[in-house]
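# Coordinate analysis (summary)
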Amino acid sequence: MSVNPGLVTRGVSKIVQLLLQRYAAELQHRTLLILCDNQGTVSNFCRMGAGSLAAAAFQLVRDLYEAAMAADVQLQFQWRPREDPAIAAADALTHEVDSADFRLCKREFAWICG
């Protein structure tokens, strides 16, 4: 299944922003390695969104790098195949059934990831 790199870029950007906010002191002067199995997303971050990335997504990439610089954190994005143990382990967590789990409809998901 192919996933839109622009959508993944927005999601990754928001997650890393949250990590930078929550763990700023612990991450200061360090490199944060972000592994992703979506080559388009990794390319968006490694090339700073140059090329075909939409303006809104480019702004998210730029904002993320600015937040990282302000927190004195280096970001390193790296593609890994889906079969990589780190990717497989993270993916497995998304398949666990949780009795308190809930799902969002597409409209709500779009609003959150918007």
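Since the structure is predicted, the reported quantities are computational estimates derived from the model, not experimental observations.

## Brief notes about the packing of aromatic side chains
What describes a pair of aromatic rings is the distance from one ring centre to the other and the angle between the planes of the rings. Going through the model one piece at a time under the given rule, you end up with two aromatic pairs. Ring centres of F45 and F77 lie 4.2 Å apart, and the angle between their planes is 5 degrees; this geometry places the pair in the stacked category. Taken as a pair, F45 in helix α3 (residues 39-46) and F77 in strand β2 (residues 73-79) lie far apart in primary sequence, 32 residues in all. Taken as a pair, F45 and F77 share a single burial class, namely buried. Ring-pair connections join several aromatic residues into one group, and the members of that group are F45, Y65 and F77.

## Some points on the pattern of salt bridges
For the structure on display, the rule yields three salt bridges. The salt bridge partner of R62 is E66, with a shortest N-O separation of 3.1 Å. One end of the pair, R62, and the other, E66, are both in helix α4 (residues 55-70), four residues apart, so they sit about a helical turn from each other. By relative accessible area, R62 is classed as partly exposed at 38%. For E66, a relative accessible area of 38% gives the class partly exposed. Here R80 makes a salt bridge to D84, at a shortest N to O gap of 3.6 Å. In this structure D84 comes out as buried when scored by relative accessible area, which is 16%.

## Quick word on the confidence of the model for the protein
Segments scoring low in pLDDT should not have their predicted coordinates read at a detailed level. Looking at the protein as a whole, the pLDDT averages 82, with 82% of positions reaching at least 70. The weakest mean pLDDT in the protein belongs to helix α6 (residues 106-113) at 77; the strongest belongs to β2 at 93.

## Structural notes on the environment of A24
Its place among the elements puts A24 in helix α2 (residues 24-27). Between the alpha carbons of A24 and D72 there is a distance of 8.5 Å; along the sequence they are 48 residues apart.

## With respect to the nonpolar core
Counting 18 residues, the largest nonpolar core has V16, L75 and F77 as its most contacted members. Those elements that provide at least two residues to this core are α1 (5-22), β1 (30-36), α3, α4 and β2. Once you skip the residues sitting within four places of it in the chain, F77 turns out to touch V12, I34, V42, F45, C46, L64 and Y65.

Calculation rules
All chains use their own residue numbering, which begins from 1 and follows the written sequence. Given that this is a predicted model, residues contribute local features only at a pLDDT of at least 70 and side-chain atom pairs are listed and counted only at 80 or more, while totals for whole chains, interfaces and linings are drawn from all residues. Heavy atoms from the whole structure form the basis of all side-chain values; hydrogens and water molecules are not counted. Each Phe, Tyr or Trp ring, with Trp reduced to its six-membered ring, pairs with another whose centre is within 6.5 Å; inter-plane angles below 30 degrees give stacked pairs, above 60 give edge-to-face pairs, and intermediate values give tilted ones. Each helix is a run of H or I in the DSSP string that is no shorter than four residues. Each strand is a run of E no shorter than two, and both are numbered from the N terminus. The classification of residues rests on relative accessible area computed with a 1.4 Å probe and restricted to protein chains. Under 20% of the type maximum is buried, over 50% is exposed, and intermediate values are partly exposed. By salt bridge we mean one thing: a side-chain nitrogen of Lys or Arg within 4 Å of a carboxyl oxygen of Asp or Glu. Confidence scores per residue from the predictor, reported as pLDDT, run from 0 to 100. Buried residues of nine kinds, namely Ala, Val, Leu, Ile, Met, Phe, Trp, Tyr and Cys, make up a nonpolar core once their side-chain atoms join them within 4.5 Å. In this description, contact between two residues means that some pair of their heavy atoms is separated by no more than 4.5 Å.

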